[in-house]
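These are the residues of each chain, in order.
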Amino acid sequence: MRRAVCPGSFDPIHNGHVEIIARASNLFDEVIVAVSTNYAKKYRFEPDERLEMVRETIGGLRGVSVEPMGVGLLADFCKLHGADAIVKGLRSTVDYQYETPMAVMNRHLTGVETVFLAADNRYTHLSSSLLKEVQSLGGDVADYLPRTVLKRLRNASQEP
């Protein structure tokens, strides 16, 4: 059985993420979506909310599960879960330059390979940060977010 991990903070998960996860589920027998926390980032949603949004969004995909990554190295998470690969979506050469050193280090640490999937052109401009900013300023981001996520984002923007 070939198992892969799709890591990310998913604050919030958007259609670009969903597209990469769905494609990964066609390539691997099992895909674990690892919801991580980068302590250098400021989050709109708490870890439990992000886990719930991801589960609601991708619950219908065959062979896909969602787990909190917890503290520690992604390579160790992969080893613990018996994953052969890490799947990362690339929007541009900037993403490639950022991701390549981590891919090499993860392979060095535990032998896990990183598979890069080029993002669909409809989503190459998307990031969770951009979507949060545009939505907070009144812009329409409905085409880029799953309905349940859009509803949560709108509700979060109305809270004091």
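Scope of this entry: the structure provided in the associated data block. (Residues numbered from 1 in each chain as written. Predicted model: local features only at pLDDT ≥ 70, side-chain atom pairs only at ≥ 80, totals over all residues. Heavy atoms only, no water.)

**Points about the side chain of Ser36**
Next up, step 1: Locating Ser36 in the fold gives a position in the loop between β2 (30-35) and α2 (47-58).
Next up, step 2: Among the residues examined, Ser36 registers a relative accessible area of 15% and is labelled buried.
Next up, step 3: Dropping the residues within four chain positions of it, Ser36 is found in contact with Gly8, Ser9, Tyr43, Arg50 and Met69. (Helix = DSSP H or I, 4+ residues; strand = E, 2+ residues; numbered from the N terminus. Buried < 20%, exposed > 50% of the residue type's maximum accessible area, 1.4 Å probe, protein only. Contact = heavy atoms within 4.5 Å.)

**As for the pairing of β2**
Side chains on a regular strand alternate between the two faces of the sheet.
Next up, step 1: In terms of burial, β2 is largely enclosed, as 6 of its 6 residues are buried.
Next up, step 2: Neither face of β2 is left uncovered, since the one carrying Glu30, Ile32 and Ala34 and the one carrying Val31, Val33 and Val35 both have all their residues buried.
Next up, step 3: Here strand β1 (residues 3-8) pairs with β2 via 6 bridges, running parallel. Note on β2: the bridge partner recorded for Cys6 is Val33.
Next up, step 4: Taking the sense of rotation as the criterion, the β-α-β connection linking β1, helix α1 (residues 15-27) and β2 turns out right-handed.
Next up, step 5: Summarising the sheet, β2 and strand β3 (residues 64-68) pair through 5 bridges and their orientation is parallel. If you follow Ile32 over to β3, its bridge partner there is Ser65.
Next up, step 6: Crossover β2 to β3 through α2 is right-handed. (Pairing = 2+ DSSP bridges. Right-handed = clockwise from strand over helix to strand, strands pointing away.)

**Brief notes about α2**
Along an α-helix, residues three or four apart share an orientation, since each turn contains 3.6 residues.
Next up, step 1: With 12 residues, α2 extends 17 Å between its outermost C-alpha atoms, agreeing within 8% with the 16 Å of an ideal straight helix rising 1.5 Å per residue.
Next up, step 2: For α2, the complete set of buried residues consists of Arg50, Leu51, Met53, Val54 and Ile58. Down the axis, α2 shows its buried residues gathered within 165° of arc, on one side only. (Expected span 1.5 Å × (residues − 1). Arc of directions from axis to C-beta.)

**Looking at the packing of aromatic side chains**
Next up, step 1: What the rule picks out here adds up to 1 aromatic pair.
Next up, step 2: For the ring pair Tyr96 and Phe116, a centre distance of 5.7 Å and an interplane angle of 70° mean the geometry is edge-to-face. Of this pair, Tyr96 sits in helix α4 (residues 93-110) while Phe116 is found in strand β5 (residues 113-118), placing the two residues 20 residues apart along the sequence.
Next up, step 3: Stacked on the ring of Tyr43, the Lys or Arg Arg50 has its end atom at 4.2 Å from the ring centre. (Phe/Tyr/Trp six-rings, centres within 6.5 Å; stacked < 30°, edge-to-face > 60°. Lys NZ or Arg CZ within 6 Å of the ring centre and 35° of its normal.)

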